[in-house]
Amino acid sequence: MHPFSPDSGVVPLKPYEPGHIDDPPDPPPVADGQLTLDELLVELHEEERRRSAITPPGRRLLHRVLTGLLEAYTGRRPLAQLTAWLDPPLHRRLRATVPGNDRPRYVLRNIHVCRPAEEALELCGTATAPTRACAVTARFEHGVHGWLCVSFSVLEPG
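In what follows, the accompanying structure is described. Only a predicted model underlies this, so the values are computations on that prediction, with no experimental measurement involved. Once a new chain begins, its residue numbering starts again from 1 and follows that chain's sequence as written. Owing to the predicted nature of the model, reporting of local features is limited to residues with pLDDT of at least 70; listing and counting of side-chain atom pairs is limited to 80 or more, with chain, interface and lining totals taken over all residues. Remark: hydrogens and water are excluded; side-chain values derive from all non-hydrogen atoms of the structure.

Notes on helix α2 (residues 59-73)
- With 15 residues, α2 should cover 21 Å at 1.5 Å per step; its first-to-last C-alpha distance of 21 Å lies within 8% of that length.
- Inspection of α2 places L62, V65, L66, G68, L69, L70, A72 and Y73 among the buried residues, and these make up the whole buried set.
- A contact between two residues is defined here by any heavy atoms of the two lying within 4.5 Å. Secondary structure follows DSSP: runs of H or I at least 4 residues long count as helices, runs of E at least 2 residues long count as strands, and numbering of each begins at the N terminus. Taken together, the buried residues of α2 touch α3 (88-96), β1 (107-117), β2 (120-128), β3 (133-143) and β4 (146-155).
- Once α2 ends, the next one or two residues include G75, with phi positive near 85°. Between the first and last residue of a helix there are one fewer steps than residues, each counted as 1.5 Å, and that sum is the expected span. In this scheme, a residue with accessible area under 20% of its type's maximum is buried, one over 50% is exposed, and one in between is partly exposed, where area comes from a 1.4 Å probe on protein chains only.

Here we look at the pattern of salt bridges
- Salt bridge criterion: a side-chain nitrogen from Lys or Arg within 4 Å of a carboxyl oxygen from Asp or Glu. Scanning the model with the defined rule gives five salt bridges in all.
- Notably, a salt bridge pairs R77 with E71, separated by 2.8 Å at the nearest N-O pair.
- Classification of R77 as partly exposed rests on a relative accessible area of 29%.
- The salt bridge involving R139 is made with E122; its shortest N-O contact spans 2.5 Å. Residue R139 is found in strand β3, and its partner E122 is found in strand β2; the two are separated by 17 residues along the sequence.
- When its relative accessible area of 24% is taken as the criterion, R139 is described as partly exposed.
- Overlapping salt bridges, with partners in common, bring together E122, R139 and E141 in one network.

Describing the nonpolar core
- We define the nonpolar core as a collection of buried residues of types Ala, Val, Leu, Ile, Met, Phe, Trp, Tyr and Cys that are connected through side-chain atoms lying within 4.5 Å of one another. L66, L69, F140 and F152 are the most contacted members of the largest nonpolar core, which totals 28 residues.
- Where this core is concerned, the elements lending two or more residues are α2, α3, β1, β2, β3 and β4.
- Not counting chain neighbours up to four residues away, the residues in contact with F152 comprise L66, L69, L70, Y73, L90, R93, L94, V136, T137 and A138.

Okay, structure coming up:
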């Protein structure tokens with residue numbers, strides 16, 4: 001029996017080579033005002049360069065600022081020392097909050113930093129006192145004056 005016989009069910013293939021195109025076709029004309037893919041990619045790369053130009057403060061610096069905010073919250077540090085880091089509405093709110101004598105001295109143990117947008121940083125951390133622990137949150141935003149804390153809260157146990 002021959003391997004390429006109709007009885008075996010195997011039929012030889014005809015040799016085939018795809019045709020060669022000497023000159024690629026011209027791209028279709030672009031309508032006035034329409035972006036091409038190349039222009040879009042250039043714009044995306046430029047936007048990415050601009051966005052990556054905003055460097056956030058280092059983790060240690062954020063930890064120190066959050067510790068300072070926590071100390072100001074408990075009345076152990078003057079709020080004026082943190083003015084350069086605070087958004088004016090937050091500064092007014094913190095200044096209006098009178099720290100009570102019953103607030104324990106917290107020590108900031110750890111922080112977690114998240115960057116939900118190029119111009120924003122969100123922090124959360126754990127602060128401990130001899131008899132309790134609490135959560136601390138803050139949000140920093142980048143603006144014309146650099147990185148400023150726009151939100152700060154201490155979530156104490158009820």
